[in-house]
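# Breakdown of the fold
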Amino acid sequence: TEGGVAKATVQLGKAKARTTIVLEPTEGNVFKGSGDFTVKPQSVIVVFVKLPGQEAQSARFTPLKPKAKPAATKKPASQPAADGHGGHHHHMQH
C-alpha cells in the first residue's frame, strides 16, 4: 500500500447522500479509514485504490441479497433432462 491512494465512497440509503472516506496506508499492507456514517442494509460502498505503477482498481460492495426461491425450483426441473442426455450417451458407447 506504500505510496498508494485509496478512498471509499459510502452511499447512504436511497437518497443521493454519500460520504467519501480517504483511506490511509497502515502496517500490514492495509488501507484503513474511518468516518461518521451508518451502514444500512441498502448501503453500497465503492472502494477505489491506486497503487504506484499499477492501474487503478475499484470494487463495489453491494448488500447481500436473500436467496431467491425461484432459482431453487429450476434445478430439479433441469435434472431429468440432464439424466436423459446421459442415457443417450450410454447407448452410443455400447
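Further up the page is the structure itself.
Procedures and definitions
- Residues numbered from 1 in each chain as written.
- Predicted model: local features only at pLDDT ≥ 70, side-chain atom pairs only at ≥ 80, totals over all residues.
- Heavy atoms only, no water.
- Helix = DSSP H or I, 4+ residues; strand = E, 2+ residues; numbered from the N terminus.
- Contact = heavy atoms within 4.5 Å.
- Areas by Shrake-Rupley, 256 points an atom, 1.4 Å probe, with all protein chains shown as cover.
- Phe/Tyr/Trp six-rings, centres within 6.5 Å; stacked < 30°, edge-to-face > 60°.
- Lys NZ or Arg CZ within 6 Å of the ring centre and 35° of its normal.
- Core = buried A, V, L, I, M, F, W, Y, C linked by side-chain atoms within 4.5 Å.
- Buried < 20%, exposed > 50% of the residue type's maximum accessible area, 1.4 Å probe, protein only.
- Pairing = 2+ DSSP bridges.
- Axes fitted to C-alpha atoms, helices over the stretch in contact; angles between N-to-C directions.

## Looking at the overall build of the protein
When helices and strands are counted, the protein shows one helix and five strands. At a minimum sequence separation of 6, the contacts of the protein that also span at least 24 residues come to 37%. Working note: accessible area of the protein is about 8000 Å², and carbon and sulfur atoms make up 57% of it.

## Comments concerning the packing of aromatic side chains
Following the criterion strictly, the structure yields zero aromatic pairs and no others. If you follow K7 out to its NZ or CZ, it ends over the ring of F48, 5.7 Å from the centre.

## Section: the nonpolar core
Counting eight residues, the largest nonpolar core consists of A6, A8, V10, I21, L23, F31, V47 and V49. With three residues, the single largest contributor to this core is strand β1 (residues 5-11). Once residues lying within four places of it in the same chain are set aside, the contact partners of A8 are T19, T20, I21, L23, I45, V46 and V47.

## Quick word on unusual backbone geometry
Although it is not a glycine, N29 sits at a positive phi angle of roughly 60°. Mapped onto the fold, N29 is located in the loop between β2 (18-26) and β3 (30-32).

## Regarding the sheet that holds β3
Spatially, β3-β2-β1-β4-β5 is the arrangement adopted by the five strands of the open sheet, whose pairing is antiparallel. The outermost strands of the open sheet, each flanked by one partner alone, are β3 and β5 (57-61). Between one strand axis and the next, the sheet turns by 25° as a mean value, whatever way the strands run. Here β1 pairs with strand β4 (residues 44-50) via seven bridges, running antiparallel. In the strand pairing of β4, T9 is matched with V46.

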